[in-house]
Amino acid sequence: MTTAILTIDLNAIVANWRALDAICASNVETAAVVKADGYGLGAGKVAEALAKAGVRSFFVAMAEEGVAVRKAVGNDPAIYVFSGLMATDAGLIHDYNLIPMLNSPAQLVKFRMGLPDNAYGIQLDTGMNRLGLEPSEFMMMRDKAENAAQIISHLACADEPEHAQNKQQLDQFNAMTNGMSVPRSLAATGGILLGPEYHFDLVRPGVGLYGGEPFKAGKAVVNLSLPVIQTRQLEVGETVGYAALWQAKRPTKIATVAAGYADGLIRAMGNGPAMLWAGNTPCPIVGRVSMDLITVDVTDLNKVPDCMEILNQHQTVDLLAQSADTIGYEILTSLGARYKRAYIGD
Ligand SMILES: *Cc1c(COP(=O)(O)O)cnc(C)c1O
């Protein structure tokens, strides 16, 4: 076996969705965000498993992603598109029964001209200044928005519960939408954990489904196993890898495994605290991460296994992310196209 294997536990994703759903009151719908190919884990497989478990609404970033999800879940679930109605989207949105989240006056005009009978949602900007109608823009069309399928906004600081902007955005969202009969949604994973006043009618977790922070109670979803290509013995003073960055201070056994930064195991993981695991035994990554290869100090192992793990229950996406000074989201969505993806609970 020369290919690294990414094992994705669909049962764990479903369990995480149920756990997030259980945090919210029973009249709050828990949707699922499956943008960026289901955070790198396969939008079709993930959406299919979640739809079977009872998810009725999905969110994607762009129309093309919505097509893949529609094919996986059939005609019943709602599929919302965060980017709204982009230049070439009208055909896909109509043909695949997608719901664009309209973000700007220009998108509203384009929608009314091109897809007047399609369902739509509205995204409001309550302070993140990324996507959505500004308060003044929304006030001018609020009366006409009563038939929207959903009105949403997004929190910029929800993973920091003490951040003052959470309450400011909550107040702004209430000020803009109170009195309307349209279903409302403000919370992603972080917002769910902020408390019930953030839940409104529908919550939209993404990363928490996939075992990532800030939902620390979530189950690990991914295991990434990398095959060992060869091992070698080093004398004291010999170096490993590009720039000869790591030098042996003792007689050292090095294993070289088949994955690198071209597979999303970014260069910043090299020579840091990240480990590869031989079963339950951690072995330090030494030297730079190469495009297709990683080198590991396996001196302390009695026997070098055929494969070593870089993501498992010991080293979660968030721990691996910390070792490279980034976030779990980026590790997940960078997981490489060369991995063989295997699904548990398929
Ligand atoms: C990505 C995204 C989500 C999901 O966020 P998580 O932090 O992954 O739960 C929800 N809403 C919007 C608008 C998003 O862009």
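The structure this text deals with has already been given above.
Residues numbered from 1 in each chain as written. Predicted model: local features only at pLDDT ≥ 70, side-chain atom pairs only at ≥ 80, totals over all residues. Heavy atoms only, no water.

### Examining helix H6 (residues 105-114)
One full turn of an α-helix is made of 3.6 residues, so residues set three or four places apart face in the same direction.
Here is step 1 of the chain: Buried within H6 are the following residues: Gln107, Leu108 and Phe111. Each buried residue of H6 lies within a common arc of 105° when the element is viewed along its axis, so the set occupies one face. Structural note: H6 exposes Ala106, Met113 and Gly114 on the side pointing more than 90 degrees away from its buried face.
Here is step 2 of the chain: Close packing links the buried residues of H6 with strand E6 (99-102) and helix H7 (135-141). (Buried < 20%, exposed > 50% of the residue type's maximum accessible area, 1.4 Å probe, protein only. Helix = DSSP H or I, 4+ residues; strand = E, 2+ residues; numbered from the N terminus. Arc of directions from axis to C-beta. Contact = heavy atoms within 4.5 Å.)

### Description of the pairing of strand E16 (residues 281-284)
Here is step 1 of the chain: Here strand E15 (residues 275-278) runs beside E16; their pairing, made up of four bridges, is antiparallel. Opposite Leu276, over in E16, you have Cys283 as the bridge partner. (Pairing = 2+ DSSP bridges.)

### With respect to the site of the ligand
Here is step 1 of the chain: Close to the ligand lie 14 residues, the nearest being Lys35, Tyr39, Thr189, Val207 and Tyr329.
Here is step 2 of the chain: At a separation of 2.7 Å, an oxygen atom of the ligand approaches a polar side-chain atom of Lys35.
Here is step 3 of the chain: The separation between an oxygen atom of the ligand and a polar side-chain atom of Arg130 is 3.3 Å.
Here is step 4 of the chain: Computed on the free molecule, the ligand has an accessible area of 380 Å², of which 92% lies beneath the protein chains in the complex.
Here is step 5 of the chain: Classifying every residue of the shell around the ligand by side-chain character gives seven nonpolar, four polar and three charged. (Near = heavy atom within 4 Å. Polar contact = N/O pair within 3.5 Å; in protein donor to acceptor, adjacent residues only side chain to side chain. Areas by Shrake-Rupley, 256 points an atom, 1.4 Å probe, with all protein chains shown as cover. Nonpolar A, V, L, I, M, F, W, Y, C, P; charged D, E, K, R; others polar.)

### Notes on the environment of Leu108
Here is step 1 of the chain: Looking at where Leu108 falls in the secondary structure, it is placed in helix H6.
Here is step 2 of the chain: C-alpha of Leu108 to C-alpha of Met140: the two residues are 32 residues apart in sequence and 12 Å apart in space.
Here is step 3 of the chain: Look past the residues within four positions of Leu108 in its chain and what remains in contact with it is Leu102, Leu133 and Met141.

### Quick word on the packing of aromatic side chains
Here is step 1 of the chain: Summed over all chains, the structure comprises six aromatic pairs.
Here is step 2 of the chain: Measuring from ring centre to ring centre gives 5.2 Å for Phe59 and Phe82, while their planes differ by 20°; the resulting arrangement is stacked. Of this pair, Phe59 sits in strand E4 (residues 57-60) while Phe82 sits in the loop between strand E5 (78-81) and helix H5 (90-95), placing them 23 residues apart in sequence.
Here is step 3 of the chain: Overall, Phe59 belongs to the buried group, its relative accessible area being 0%.
Here is step 4 of the chain: Between Phe173 and Phe200, the aromatic rings sit 5.0 Å apart at their centres with planes inclined by 85°, giving edge-to-face as the arrangement. With a gap of 27 residues between them, Phe173 in helix H8 (residues 164-177) and Phe200 in the loop between helix H9 (189-194) and strand E10 (202-203) connect regions that are remote in the sequence. Each member of the pair Phe173 and Phe200 is classed as buried.
Here is step 5 of the chain: Connected via pairs of aromatic rings, a cluster forms that spans Tyr39, Tyr210 and Tyr329.
Here is step 6 of the chain: It is Lys45 that lies over the ring of Tyr343; its NZ or CZ is 5.3 Å from the centre. (Phe/Tyr/Trp six-rings, centres within 6.5 Å; stacked < 30°, edge-to-face > 60°. Lys NZ or Arg CZ within 6 Å of the ring centre and 35° of its normal.)

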